[in-house]
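Given next are the chains, with one letter for each unit.
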Amino acid sequence: MSKLPHIPTSIFSVMSQLANEHGAINLSQGFPNFPVDQRLLDITKQLTHENTHQYTPMAGLPSLLEKISQLTYEKYTRKTDVATEILVTAGATQGIYTTINTLIKHGDEVIILDPCYDSYEPSVLVAGGKPFRIALNEDYAPNFNRIEAGITSKTKMIIINNPHNPTGRIWKENEFEALETLLEKHPQIVLLSDEVYEYISFTQPHISINTRPKLRERAIIASSFGKSLHVTGWKIGYLIAPEKLMQEIKKVHQFLVFSVSSLSQHVIASYLDIVDFDAIAKMYLQKRDLFRSLLEGSRFTLLPCEGTYFQVVNYEKISSKNDTDFAKELITHHGVATIPISVFYEDGTDKRMLRFCFAKTDETLVAAAEKLRRV
Ligand code: PMP
Ligand code: GLN
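Everything numeric in this text was worked out from a predicted model, so none of it was measured. (Residues numbered from 1 in each chain as written. Chains lettered and ligands numbered in written order. Predicted model: local features only at pLDDT ≥ 70, side-chain atom pairs only at ≥ 80, totals over all residues.)

### As for the overall build of the protein
Per the secondary structure count, the protein includes 14 helices and 13 strands. Radius of gyration (C-alpha) of the protein: 20 Å, near the 21 Å computed for a compact globule of 375 residues. Summarising its shape, the C-alpha atoms of the protein cover approximately 55 × 55 × 45 Å along the three principal directions. Considering only contacts within the protein whose residues lie at least 6 apart along the sequence, 72% involve residues at least 24 apart. (Helix = DSSP H or I, 4+ residues; strand = E, 2+ residues; numbered from the N terminus. Rg over C-alpha atoms; globule rule 2.2 N^0.38 Å. Contact = placed C-beta atoms within 7 Å.)

This is the structure:
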């Protein structure tokens, strides 16, 4: 009776639980352990005394929709229609799931670039669609020859994730151009662009689908306030899409959640007036550089980290164990929890690599690195 017979409990739950059981420093699941901005907490305290407790309109609190629209204009110079093109979701996860389950029907094929974040494939499977993984290049760049070869008359969607979890790679201008050229030939394909790390790019400014007129007219873009504002537990994000797609997505959204937690919507609507996204990007850059420099004295080999708050390392100089076993050993023997990279691959191929989350206090990073240098 299962729709997901081969899908295990998410690695993020497994590793965080193991970290807790063994008292390990948790650099596995992607969430910050530093305090949220005091000004966000102050707004929260003020607002909980007001009438902020009942359902908001289905698509989102009007003031929040307005702020998202302003933000999208300020950051990407894209004009959006507040009434028809924005939907507040219970995290990007629900936005992605709802998009897929709205637009994908039984037998439709969905191209997913491999390795990838864990929620895409199960969402396609629940919809009755066929996930079709296409390997990224060695350096995690998209391979357009392979993507083109993978397109059939049944292909209805391509999912991209930029900046990329787990590798931190960022798409380059010429790759968007190649995608535009490719999709021009396939009008039936919609693009789902997961941009939850849009504010965490280090090596070049993030290029959003919001800035690509040829792509955005057929794209659904997923963002996450959980990721951008360090409140992953609030489970709040949003989608932007052209009206013809969004009106269908809203039909499903209204029966999945109807509307999203009113408190977080009220608080974030006010907080967006004062938040400084550039400061957030700088803070993560400093953390990336700190963590990388701390690991320099270790036997781990660091891969490039262009964006996101994840650092991938290769450990083949240390162990010949597969990554899942080695990740468990790191927890039980060395007190640091990580994510084995094989879980992001369709076939679970072991690459002797691990992902560390560096969205942590400097003290946590220093303490973890001290342990890692002894491995
Ligand atoms: N996409 C990617 C690439 C992620 O890493 C995550 C994890 N936050 C999500 C989507 C889900 O975001 P949210 O927590 O807002 O549901
Ligand atoms: N996106 C987070 C990560 O990659 C985890 C989200 C979750 O726990 N589902 O670690």
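### Details of the pairing of strand β3 (residues 109-114)
Summarising burial for β3: 5 of the 6 residues are buried, a large majority. Note that β3 and strand β4 (residues 130-135) share 6 bridges and pair parallel. When the sheet's bridge partners are listed, E109 is paired in β4 with K130. Taken together, β3, helix α5 (residues 120-126) and β4 constitute a β-α-β crossover, and its handedness is right-handed. Both β3 and strand β5 (residues 155-161) contribute to a ladder of 4 bridges, which runs parallel. Bridging across to β5, I112 finds its partner in I159. (Buried ≥ 20, exposed ≤ 12 C-beta atoms within 10 Å, placed from the backbone. Pairing = 2+ DSSP bridges. Right-handed = clockwise from strand over helix to strand, strands pointing away.)

### Description of helix α1 (residues 11-22)
With 12 residues, α1 should reach 16 Å at 1.5 Å per residue; the first-to-last C-alpha distance of 16 Å fits that figure. G23, located one to two residues past α1, shows a positive phi value of around 60°. (Expected span 1.5 Å × (residues − 1).)

### Some remarks on the UniProt feature "domain: Aminotransferase class I/classII large" (unreviewed entry) in the protein
Per the UniProt entry, the sites bearing "domain: Aminotransferase class I/classII large" (unreviewed entry) are residues 25-372 in this numbering. Each end of residues 25-372 is marked by a C-alpha atom, and these two atoms are 11 Å apart; helix forms 40% of the span and strand 16%. (UniProt positions renumbered as here; feature names shortened; annotations may be inferred.)

### Focus on unusual backbone geometry
In this structure, the amide linkage connecting D114 to the following residue, P115, adopts the cis form with an omega of 5°. By secondary structure assignment, the location of P115 is in the loop between β3 and α5. A cis geometry characterises the amide bond from N162 onward to P163, with omega recorded as -15°. The topology assignment puts P163 in the loop between β5 and α7 (173-184). Phi at K235 takes a positive value of approximately 50°, unusual for a residue other than glycine. For K235, the location among the structural elements is in the loop between α9 (225-228) and β8 (237-240).

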